[in-house]
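Fold and geometry: a report
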Amino acid sequence: MENLIKDIRYGVRTLLKQPGFTLVAIVTLALGIAANTAIFTVVDAVLLRPLPYPEPERLVMAWENHQALGGPEQEWLSPTGFDDWRTQNSVFEHLSAVAGWGPTLTREEESQQLVGAVVSHDTFSLLGVPPLLGRAFTESEDQPGAERVVVLSHSVWQRYFNSNPGITGTTVSLSGEQYTVIGVMPAGFKLPIIPNSELWSTLRPTLNPGCQRGCYVLRVMGRLKPGVTVAGAQAQMVTIAGRLAEQFPETNQNVSATIVSLHEQTVGPLRPAMLMLLVAVGFVLLIACANVANLMLARGVTRRKELAIRAALGAGRGRVIRQLLTETSLLAMAGGALGVLLAFWLVQWLVAIGPQGTPRLDEISIDTRVLGFTIGTTLLTGITFGLVPALQLSKLDLSQSLKETARTSQSGGGRLRNALVVAEIALALILLIGGGLLMKSFLLLQRVDPGFNPTQVLTLGFILNRNSYPERPQMVSFYSQLLERVETLPGVQSAGLVSTLPLSGNNTDTSFMIEGRPAPPPNQEPVAWYSSVTHDYFRTMGIRPIKGRLFTESDNEKAPRVVVIAEALARRYWPDEDPIGKRIGSAPDNWREIVGVVSDVKHFGLDVSARPSMYLPASQSPSRGMTLVVKTKGEPSGLIGAVRSEFRSLDHNLALNNIKPMGQIVSESIAQPRFILLLLGVFAGLALMLAAVGIYGVISYAVTQRTQEFGVRMALGARTFDVLSLVLKRGMVLALLGVVLGLAGSFALTRLMTQLLFGVTPTDALTFGAVSVFLLVVALVACYVPARRATKVDPLVALRYE
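Looking now at a nonpolar patch on the surface. Taken together, the side chains of Leu 23, Val 27, Leu 338, Leu 341 and Leu 342 define a hydrophobic patch exposed on the protein surface, amounting to about 420 Å² of accessible area. Contributing elements (two or more residues each) for the nonpolar patch: helix 2 (19-48) and helix 11 (317-353). Mapped onto the elements of the fold, Leu 23 is located in helix 2. With relative accessibility at 55%, the residue Leu 23 sits in the exposed group.

Written as structure tokens, this is what we have:
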């Protein structure tokens, strides 16, 4: 311990004597450690931490599997299908169903649209989280016709009820219905399937009695019994699905089951991006370590005589290595301390710019686990960049080292320094190519035609409650009055209503039949996404007509039933004929005539192919949940207040939601790839800077070492160009070696990015070539500065260098 304290004191004095070297080393390490700490904080919160429920490894999601029907591997369940699974399985301790719910909280000040969910009575028991106040649901409250009850989230309880401890037993008005508050959940509780839900009611009283087998409206999660594995549950549920297919061939034929752990369901889609970022910051730290190791080697050769004297006085090789490692550890700890401070800021920045909807985003924070990772990273960093120089410098020839002059002492370690620079260039190239692929992918994604024009379009969502608008005529009348008022506002070009907004991700598929064609086998009926729209919706959104006509005001409830379809639907079912005049419907007595074809619209993401779609006139098929779209002459946000006033004048209890310009919705739809591109771009830029500094340092050191040689060459008649090319050649050889190794590594590693790319292959030749040339240009510039300095050597001064 006494020797260790001496080593620390000596190390501190040594580092303080060279403040420039010390500051550069600390800042370089701090950048690498800060980036690693910040990204590990995100990865730890999102991927590594268990879900915040008791025994989370037993929680799963249960889906129907429709792959054999050409559908998704994970499909929702019908209420009857859920009952079948619940009664016939022996692997689940609890099996619970969840559906979305959008209640309007009626208040004297202003009604509020909330995000809710209706759940099976045992959902909170399944998750193992009891209410903070009151109680959870009972089985009797989860029956058709039961009294309406509600459990509030902690945030709703605080925000709208002033944290009233006596809230249980009181009634609240939700969408015109009276609900009894029976409980309040703890702060931070989230329902996994609908994490932004703020209050919960029971499932059965809200389900449409006509929604039975084949009506897919429920998402199901379960808690496995102790000792049951996900694979075991999967096997039994596949068996049950096969049995149901035999009993109900019309709805269940070729339908299987998929069981996925809840953790995988929640964060699985983010895993490739998170791991890629973790690898990227690891590369940045390695480059930083290589830079500092190069600095240590360059600084260490000037200390050969000092180290030789220590050895001559009795210090063994191990003692010398320990002293050098102590100094590097001090640098690493200082860099780690500064890195942690930077990481706190970086984490706040990452949370602020993180895409909305990212799972567990609000759980991201630096805690003891992260600090433990940072301490371990700091110690490993100190060893990584300190051990190689320490071993190199501890190989001393005492007689030779003690006789070294100032010039000869600068020799040694050149090959190792060159190897480190080559490694830096290779790692930087891999990151730059990864960033280049993402950049090209993102640019291609931005150029995708969404099928509509989002410019100067304002959107406002609302839901009509059943008490105020019980029947279709009342709903249609409200639509008509609203559009009439909004269209007369100054600055409004046109307005329309739609039940499912593009890029909302809401799945509103329906099966249908085609008149004159044989009935398809069970579960193989044509399927299309559908939405109810008013007649001016297409013009407002800039959706292009292709054939036929669009809806008019005369397409009302008294007129013949009509439908407008999208190109994808026309291509699939009428590839060689004109669909105009054909009839489709959900039943033989419910035919709709196709009167028009419009361009395809992206409903599920710019990177997702347009699905077969159809549009129904809102007058004939009204929906309670609608979105108003307003085409404005100027900035859309400037009309929010005026449009709100029109809503209030029609129905002061109506709450609005999702008020935002359509352009913002398009931007939010690509928020995740933009976020990943931004981070990888920052890390690639940092790696490029460090690599450029590294090659500059090696060439600059070589120029200093060869000052006398350059003086002799110039004294013997060497031209400026000769000296310049001599120095540049050495630097560019290192850069080319790094590029070759980097290209090989990129061909191997970028294949792991396939899931993150759109419209570009992971081995895109143009990206590989352009990035390689760019890196070589940067390396050339980094080499040119010291090379130019070499040409300025005065031969007389150089010859007197000693």
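For the rest of this paragraph, the subject is the pattern of salt bridges. Tallying each qualifying case throughout the model produces 23 salt bridges. With a shortest N-O distance of 2.7 Å, Arg 159 and Glu 198 are connected by a salt bridge. Of this pair, Arg 159 sits in helix 5 (residues 154-161) while Glu 198 sits in the loop between strand 9 (177-184) and strand 10 (199-202), and the two are 39 residues apart along the sequence. Classification of Glu 198 as buried rests on a relative accessible area of 16%. Note that Lys 582 and Glu 577 form a salt bridge whose closest N and O atoms lie 3.5 Å from each other. With a relative accessible area of 38%, Glu 577 lands in the partly exposed category. Within this structure, Asp 44, Arg 49, Asp 367 and Arg 369 form a network of salt bridges that share partners.

Of note, Arg 789 is situated in helix 23 (residues 765-791). The class for Arg 789 is partly exposed, based on a relative accessible area of 35%. The residues touching Arg 789, leaving out its near neighbours within four places in the chain, are Tyr 696, Ser 700, Val 703 and Thr 704.

A few words on the packing of helix 15 (residues 472-487) against helix 18 (residues 640-650). Contact pair helix 15 / helix 18: the axes reach a minimum separation of 10 Å and the direction vectors enclose 145°. The way helix 15 lies across helix 18 gives a crossing that is right-handed. Contacts from Phe 478, Gln 481, Leu 482, Arg 485 and Val 486 in helix 15 reach Val 643, Glu 646, Phe 647, Ser 649 and Leu 650 in helix 18. Class assignment for the residues of the contact of helix 15 with helix 18 results in six nonpolar, two polar and two charged.

This brings us to helix 21 (residues 707-715). Of all the positions in helix 21, only Thr 707, Phe 710, Gly 711 and Met 714 are classed as buried. With its buried residues spanning 100° around the axis, helix 21 presents them on a single face.

Mapped onto the elements of the fold, His 603 is located in the loop between strand 21 (591-598) and strand 22 (613-617). Residue classification places His 603 among the buried residues on the basis of a relative accessible area of 5%. Taking the C-alpha atoms as reference, His 603 lies 8.3 Å from Pro 450; in sequence the two are 153 residues apart. Each residue touching His 603, except ones within four places of it in the same chain, is listed here: Pro 502, Leu 503, Ser 504, Gly 505, Trp 529, Ser 613 and Tyr 615.

Our focus in this paragraph is the packing of aromatic side chains. A complete count under the given rule lists 17 aromatic pairs for this structure. Aromatic side chains Phe 124 and Phe 137 sit 5.7 Å apart centroid to centroid with 25° between the ring planes, which places their arrangement in the stacked category. Separated by 13 residues along the polypeptide, Phe 124 in helix 4 (residues 123-127) and Phe 137 in the loop between strand 6 (133-134) and strand 7 (149-152) bring together distant segments of the chain. The same class applies to Phe 124 and to Phe 137, which are both buried. Here Phe 124 and Trp 200 contribute two aromatic rings whose centre-to-centre distance is 5.9 Å and whose plane-to-plane angle is 85°, an arrangement assigned as edge-to-face. Taken as a pair, Phe 124 in helix 4 and Trp 200 in strand 10 lie far apart in primary sequence, 76 residues in all. Taken together through their ring pairs, the aromatic side chains of Trp 529, Tyr 537, Phe 538, Phe 551 and Tyr 615 make up a single cluster. Positioned above the aromatic ring of Phe 248 is the side chain of Arg 213, whose terminal nitrogen or guanidinium carbon lies 3.6 Å from the ring centre.

Here we take up the confidence of the model for the protein chain. Per-chain confidence: the protein chain averages 86 in pLDDT, with 91% of residues scoring 70 or above. Predicted confidence for residues 405-412 stays below pLDDT 50, and this span has 20 contacts to residues more than four positions away or in other chains.

As for its position among the elements, Arg 223 is in strand 11 (residues 219-224). Put simply, Arg 223 is tucked away with no salt bridge, and the nearest opposite charge, on Glu 55, sits 4.4 Å away. One polar contact links the side chain of Arg 223 to the main-chain carbonyl oxygen of Leu 126, over a distance of 2.6 Å. The residues contacting Arg 223, other than those within four sequence positions of it, are Pro 54, Glu 55, Arg 58, Leu 59, Val 91, Phe 92, Glu 93, His 94, Leu 126, Leu 127 and Gly 128.

Let us now look at the environment of Ala 257. Here Ala 257 lies in strand 12 (residues 256-261). C-alpha separation for the pair Ala 257 and Met 237, spaced 20 residues apart in sequence, amounts to 5.9 Å. In this view, Ala 257 contacts Trp 63, Glu 64, Asn 65, Trp 85, Gln 234, Met 237, Val 238 and Ala 241; residues no more than four positions away in its chain are not counted.

The rules behind these values
Residues numbered from 1 in each chain as written. Predicted model: local features only at pLDDT ≥ 70, side-chain atom pairs only at ≥ 80, totals over all residues. Heavy atoms only, no water. Patch = residues over 30% accessible without salt bridge, like charges linked within 9 Å, V, L, I, M, F, W, Y side chains within 5 Å. Areas by Shrake-Rupley, 256 points an atom, 1.4 Å probe, with all protein chains shown as cover. Salt bridge = Lys/Arg side-chain N within 4 Å of Asp/Glu carboxyl O. Helix = DSSP H or I, 4+ residues; strand = E, 2+ residues; numbered from the N terminus. Buried < 20%, exposed > 50% of the residue type's maximum accessible area, 1.4 Å probe, protein only. Contact = heavy atoms within 4.5 Å. Axes fitted to C-alpha atoms, helices over the stretch in contact; angles between N-to-C directions. Left-handed = near helix turned anticlockwise from the far one by under 90°. Nonpolar A, V, L, I, M, F, W, Y, C, P; charged D, E, K, R; others polar. Arc of directions from axis to C-beta. Phe/Tyr/Trp six-rings, centres within 6.5 Å; stacked < 30°, edge-to-face > 60°. Lys NZ or Arg CZ within 6 Å of the ring centre and 35° of its normal. pLDDT = per-residue confidence, 0-100. Lys, Arg positive; Asp, Glu negative; His and termini not counted. Polar contact = N/O pair within 3.5 Å; in protein donor to acceptor, adjacent residues only side chain to side chain.

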